[in-house]
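A look at the structure
This is what each chain is made of:
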Amino acid sequence: MTIEVPVLEQPDAAMPPAAARLSRFVRPALGLLLPLGLALGWELVVWLGFSNGRLVPPPTKVFATIVELAKSGELSRHIITTLSRVAAGFALGVVAGTLLGAVSGYWGLARRLLDPTVQALRAIPSIAWVPLFILWLGIFETSKVALIAVGVFFPVYLGVMGAIHSVDRKIVEVGRIFRLSGPAMIRRILLPAVLPAYVVALRVGLGLGWMFVVAAEFMGASEGLGYLLIDGQQLGKPAQIVAAIVIFAILGKTTDWLIELATAPLLRWQDAFGRGRGAA
């Protein structure tokens, strides 16, 4: 009596190399179908006269505004300014969140001392930090970077601490049986177990960093995409507001994809359901 075990389908492995390469381009392109469909639909609504497109301008007008800003050199200046603020705040938030999250997750006494305060601070709305940071650090770059770092810190801290808590106790016991030292236990057992959740925490922290940069650039900024939003509101330019929002979305998705791409080799060992199915 024999039992036939079904083989899990691995489409990419069965494809010829040329088809596999084409599939890697087609899958991310599928993610563009929804936004492009919505944009074309709204363009058609305005073109047919069902809306005048004054408050919500059609995509052609938004694109023309982006081109105009790019030709004048303003767009690159605002993008570089916002990117530098997000990069600096993200780096600070990741370092602080990783260190405190690792300490709280690995050391019970530190968790009992630190975690209640961190959880209380996490409940404070982001906008509540603005007047305090202005008072402490002024309205220049330091306060803006600090606010972004606060937004990045909490998801990274929670991700690292929660991932360490979720490590299977039996795996840790195996390491103790093999008499692994503390550093060896971290490097060979805890780090691989924590890494997938850590990558997710980085992506969540980056998303909050992009959200916090808008609040940061409301603090007396004269450059940045957040400044474009305020300028468009004050001057009654809805196309400029939507253009800034679209650029935020593009930059946010691009940086998220870069993190996913950079960490993919570190997670190649995973034999998970979603691996090999493509991601945009």
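Provided above is the structure to which this section pertains.
Conventions used here
- Residues numbered from 1 in each chain as written.
- Predicted model: local features only at pLDDT ≥ 70, side-chain atom pairs only at ≥ 80, totals over all residues.
- Heavy atoms only, no water.
- Salt bridge = Lys/Arg side-chain N within 4 Å of Asp/Glu carboxyl O.
- Helix = DSSP H or I, 4+ residues; strand = E, 2+ residues; numbered from the N terminus.
- Buried < 20%, exposed > 50% of the residue type's maximum accessible area, 1.4 Å probe, protein only.
- Axes fitted to C-alpha atoms, helices over the stretch in contact; angles between N-to-C directions.
- Parallel < 35°, antiparallel > 145°, perpendicular 65-115°, else oblique.
- Left-handed = near helix turned anticlockwise from the far one by under 90°.
- Contact = heavy atoms within 4.5 Å.
- Polar contact = N/O pair within 3.5 Å; in protein donor to acceptor, adjacent residues only side chain to side chain.
- Core = buried A, V, L, I, M, F, W, Y, C linked by side-chain atoms within 4.5 Å.

What follows deals with the pattern of salt bridges. Taken as a whole and judged by the stated rule, the model has 6 salt bridges. Across the salt bridge formed by arginine 203 and aspartate 256, the nearest N and O atoms sit 2.9 Å from each other. Note that arginine 203 is positioned in helix 10 (residues 182-217) and aspartate 256 in helix 12 (residues 238-263), a separation of 53 residues in sequence. Judged by relative accessible area, arginine 203 falls into the partly exposed class, the value being 29%. In this structure, lysine 253 and aspartate 256 form a salt bridge, with 4.0 Å as the shortest nitrogen-oxygen distance. Of this pair, lysine 253 and aspartate 256 both sit in helix 12, 3 residues apart, which is roughly one turn of the helix. The class of lysine 253 is partly exposed, set by a relative accessible area of 37%. A relative accessible area of 13% means that aspartate 256 is categorised as buried. One connected set of salt bridges, linked through shared partners, spans Arg203, Lys253, Asp256 and Glu260.

For the rest of this paragraph, the subject is the packing of helix 6 (residues 108-122) against helix 8 (residues 141-165). To describe two helices that pack against each other, one gives the angle between their axes and the distance between the axes. Viewed as axis vectors pointing N to C, helix 6 and helix 8 meet at an angle of 140 degrees, and their least axial separation amounts to 11 Å. In terms of orientation, helix 6 lies oblique with respect to helix 8. The handedness of the crossing between helix 6 and helix 8 comes out as left-handed. Each of Arg111, Leu114, Asp115, Val118, Gln119, Leu121 and Arg122 in helix 6 lies in contact with helix 8, whose residues at this interface are Phe153, Phe154, Tyr157, Leu158, Met161 and His165.

Turning next to the side chain of threonine 263. Inspection of the secondary structure puts threonine 263 in helix 12. When its relative accessible area of 12% is taken as the criterion, threonine 263 is described as buried. Within the local environment of threonine 263, its side chain forms a polar contact with the backbone oxygen of glutamate 260, the two atoms lying 3.4 Å apart.

Judged by nonpolar contacts, the single largest core of 53 residues is most densely connected at Leu147 and Tyr198. The set of elements that each furnish at least two residues to this core consists of helix 4 (59-72), helix 5 (74-106), helix 7 (126-137), helix 8, helix 10, helix 11 (225-234) and helix 12. Top contributing element to this core by residue count: helix 10, with 15 residues.

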